[in-house]
Amino acid sequence: MNRQEYLKQIDQVIAAGRFHDSWESLGGHPTPSWFTSGKFGIFIHWGIYSVPAYCNEWYPKWMYWKGHPVYLHHKNTYGDVTKFGYKDFIPLFKAEHFDADAWLDLFRKSGARYIMPVGEHHDGFKMYDSDLSRWTSVRMGPCRDVLGELRAASDRAGLGFLASHHRAEHYFFLNAGRKIPGCDVNDEQYRDFYGPAVPFVGGRSDEKFLNPTAEWGEDWLTSACEMIDRYQPLAVYFDWWINAEGFRPYVKKFLAYYYNRAEEWGKEVTVFYKQDGIMQGCATFDIERGQFDAPFPYPWQGDTSTGKNSWGYTENNRFKTPSELVCNLIDVVSKNGSFMLNVGPKADGTICEEDQRLLLRIGEWMAVNGEGIYDTQPYRIYAEGVKKKKSGSFKENLKYGKNEFRYTYKNGAIYAFAMAPARDGRYTLSAFSGRGGLDRIQYPIRRVTALGYGETHFEKDKKGNLRLRCDACARAELPVCFKIEIE
């Protein structure tokens, strides 16, 4: 199906369906139950940028940016960009050890309930089959339908399948190459790969001064719709630039088309968006490498990576600790969110040892403490002992102190997570002091259990604070979860 035929189909599906391309119509779309209950998923950044494995997944942008460290690295390692362009990495992306079932086995062991591989990143290379482009993992590179294999493996493993689509930013992503005469970005025979590569307005290196053309809006819309039709993902993730004004009518059309198609498939679906790309209540808000400073009234997603400097695999990646990642997960869930953790496989299809160790360690913790994560709700009091954290993307907090707790709730029990385990196994929860109003928990307590450690001694002190003693917890390395059952 070509682009014009797809545009006609999109209009027909919207006209015949329950959802139409207006905020009023889309606002009635519910958040999926699998998302609000599952809480934890795996993001996967894997593509051509995994071949150079340097700096981060924005390698294709920076390799054409004169003076940038990636530009200098590329020149010293592969030669000048006029001789070796980004397209020349494609034959090197062999994925010879890629085993979708092995990946899914690891992700299942991590405790994740769903996965979200990148369908297409800003570089314009699709990791799936397409009638709209020749630049795909099926026709070039590994000659494999990566999304198709992961979708099938997800079904076998019993995990949900989602996909991300970052083509919006491809409008300008390779534009630094426009300033380099003789490089492949300026070669018309590769225009369908490198995209418009539109220069920034007035030379300012900020995409907020750009607006996509109607032609690019239609390109983006049909590309995203083709991906969901082929793989029927439970959710689609869009990056930041769909908030550009010129995308607005196409975003509405995509949502209406996707939601109507999902009703045909009998599936609950959602779309993840950033900033103000989509009207509140029409999809699921996402914060990248950051957090809210308090619970959000709508279910939302916090996404981050195991690596501090990259989403894709790089040889110089700096990895977070298991404690940092588990605390991040708990913090997001306590604030009515779900946590999406990214890994970046190597170009050969293997997942590096650091990522494997992190996922397995998280999985061990989730096997014991997942009761306080899965299927829970945020409690009226979500935390105590917390220092004010800034809300927003790229404001990630990785430090949690002594006497800092997060709370969740499920089925007559309040779960209290000690973010930094006490060396002596003693904890004091002032939220249970029984004094004050809505800022205190005043239920009578029947029993307290430290998950994985056993029944825990509890008592109230003279100030009414709840004191817990768990000697076995003194050896804990990761957050301790106390299940507090109410009388």
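Residues numbered from 1 in each chain as written. Predicted model: local features only at pLDDT ≥ 70, side-chain atom pairs only at ≥ 80, totals over all residues. Heavy atoms only, no water.

On to the nonpolar core. Tyr64, Phe107, Trp220, Phe254 and Ile278 are the most contacted members of the largest nonpolar core, which has 139 residues in total. No other element matches helix α10 (residues 248–265), which puts ten residues into this core. Look past the residues within four positions of Phe254 in its chain and what remains in contact with it is Trp220, Leu221, Ala224, Cys225, Ile228, Val236, Phe238 and Val271. Counting 25 residues, the second largest nonpolar core, distinct from the first, contains Ala422, Phe432, Ile445 and Ala450. (Core = buried A, V, L, I, M, F, W, Y, C linked by side-chain atoms within 4.5 Å. Buried < 20%, exposed > 50% of the residue type's maximum accessible area, 1.4 Å probe, protein only. Helix = DSSP H or I, 4+ residues; strand = E, 2+ residues; numbered from the N terminus. Contact = heavy atoms within 4.5 Å.)

All right, on to the sheet that holds strand β13 (residues 426–429) then. Taken in spatial order, the three strands make up an open sheet running β13-β17-β16, and their pairing is antiparallel. In this open sheet, the two edge strands, each paired with only one partner strand, are β13 and β16 (457–460). Each neighbouring strand pair of the sheet contributes to a mean axis angle of 20°, computed without reference to strand direction. Taken together, the four bridges between β13 and strand β17 (residues 466–469) define a ladder with antiparallel strand orientation. Following the sheet pairing, Tyr427 is matched in β17 by Leu468. (Pairing = 2+ DSSP bridges. Axes fitted to C-alpha atoms, helices over the stretch in contact; angles between N-to-C directions.)

Look at helix α11 (residues 322–334): 18 Å from first C-alpha to last across 13 residues, which is about the 18 Å you get at 1.5 Å a residue. Buried residues dominate α11, accounting for eleven of its 13 residues. Every buried residue belonging to α11 is among Glu324, Leu325, Val326, Cys327, Asn328, Leu329, Ile330, Asp331, Val332, Val333 and Ser334, and all of these are buried. Where α11 terminates, the next one or two residues include Asn336, which has phi positive at roughly 80°. (Expected span 1.5 Å × (residues − 1).)

It is worth spelling out the environment of Phe173 at this point. Structurally, Phe173 is set in the loop between β4 (163–165) and α8 (191–194). On the basis of relative accessible area, Phe173 is assigned to the buried category, the value being 0%. Spatially, the C-alpha atoms of Phe173 and Tyr194 are 8.5 Å apart, while their sequence positions differ by 21 residues. Contact partners of Phe173, with chain neighbours within four places excluded, come to Trp58, Pro60, Lys61, His122 and Asp123.

Glancing now at the packing of α11 against helix α12 (residues 353–369). In a packed pair of helices, the relevant descriptors are the angle between the two axes and the axis-to-axis distance. The N-to-C vectors of α11 and α12 enclose an angle of 50°; their axes lie 10 Å apart at closest approach. Considering the angle they form, α11 stands oblique to α12. For the pair α11 and α12, the crossing hand works out as right-handed. Together, Pro322, Leu325, Val326, Leu329 and Ile330 of α11 and Leu358, Arg361, Ile362, Trp365 and Met366 of α12 make up the contact between the two elements. In terms of residue class, the contact of α11 with α12 is made up of nine nonpolar, no polar and one charged. (Parallel < 35°, antiparallel > 145°, perpendicular 65-115°, else oblique. Left-handed = near helix turned anticlockwise from the far one by under 90°. Nonpolar A, V, L, I, M, F, W, Y, C, P; charged D, E, K, R; others polar.)

Here the focus is the packing of aromatic side chains. One pair of aromatic rings is described through two measures. These are the centre distance and the angle between the planes. Applying the stated criterion across every chain yields a total of 51 aromatic pairs. For the ring pair Tyr427 and Phe482, a centre distance of 5.1 Å and an interplane angle of 65° mean the geometry is edge-to-face. One end of the pair, Tyr427, is in strand β13; the other, Phe482, is in strand β18 (residues 480–486), and 55 residues separate them in sequence. For the pair shown, Tyr427 and Phe482 are each scored as buried. One cation-aromatic arrangement involves Lys87 over Tyr190; the distance from NZ or CZ to the ring centre is 4.8 Å. When the ring centre of Tyr374 is taken as origin, the NZ or CZ atom of Arg113, which lies over that ring, is 3.6 Å away. (Phe/Tyr/Trp six-rings, centres within 6.5 Å; stacked < 30°, edge-to-face > 60°. Lys NZ or Arg CZ within 6 Å of the ring centre and 35° of its normal.)

Now for the state of the cysteines. With the rule as written, the count across this model stands at one disulfide. Sulfur-sulfur distance for the disulfide between Cys470 and Cys473 comes to 2.5 Å. The chirality of the disulfide connecting Cys470 with Cys473 is right-handed, given an S-S dihedral of about 70°. One exposure class covers both Cys470 and Cys473, and it is buried. Its sulfur unpaired, Cys481 is 10 Å from the next cysteine sulfur, which belongs to Cys473. Judged by relative accessible area, which is 0%, Cys481 ranks as buried. (Disulfide = S-S within 2.5 Å.)

As a further point, take the sheet that holds strand β15 (residues 454–455). Read across the sheet, six strands follow the order β10-β11-β12-β18-β14-β15 without closing on themselves; strand pairing throughout is antiparallel. What marks the edges here is a single partner per strand, and that holds for β10 (377–384) and β15. Where strand β12 (residues 413–418) meets β18, six bridges bridge the pair, whose relative direction is antiparallel. Within the sheet, the bridge partner assigned to Ala416 lies in β18 and is Phe482. Along the sheet face, α11 touches β10, β11 (405–410) and β12 and points at about 55° away from the line of β11.

Next up on the list: the pairing of β17. Going residue by residue along β17, you find Leu466 and Leu468 tucked away on one face and Arg467 and Arg469 left uncovered on the opposite face. Pairing between β16 and β17: four bridges, direction antiparallel. Across the sheet, the residue bridging to His457 is Arg469, located in β17. Between the antiparallel neighbours β16 and β17 lie five residues, among them Gly464 with a positive phi of about 90°.

Across its 14 residues, helix α1 (residues 3–16) extends 20 Å between first and last C-alpha, which sits within 8% of the 20 Å expected from 1.5 Å per residue. Residues Tyr6, Leu7, Ile10, Val13 and Ile14 constitute the buried set of α1. Considered in projection along α1, the buried side chains sweep an arc of 125° and stay on one side of the axis. Turned more than 90 degrees off the buried face of α1, the exposed positions are Gln4, Lys8, Ala15 and Ala16. (Arc of directions from axis to C-beta.)

With that settled, consider the packing of helix α6 (residues 100–109) against α12. Contact geometry of α6 with α12 gives a least axis separation of 7 Å together with a crossing angle of 40°. Taken together, the axes of α6 and α12 are oblique relative to one another. Where α6 abuts α12, its residues Leu106, Phe107 and Lys109 lie against Gln356, Leu359, Leu360 and Gly363. Here the contact of α6 with α12 is composed, by residue class, of four nonpolar, two polar and one charged.

Applying the stated criterion across every chain, the model contains 33 salt bridges. The residue Glu485 makes a salt bridge to Arg446 at a minimum N-O spacing of 2.9 Å. Remark: Arg446 occurs in strand β14 (residues 445–450) and Glu485 occurs in strand β18; sequence separation between them is 39 residues. Overlapping salt bridges bring together Arg3, Glu120, Lys126, Arg167 and Asp219 as one network. (Salt bridge = Lys/Arg side-chain N within 4 Å of Asp/Glu carboxyl O.)

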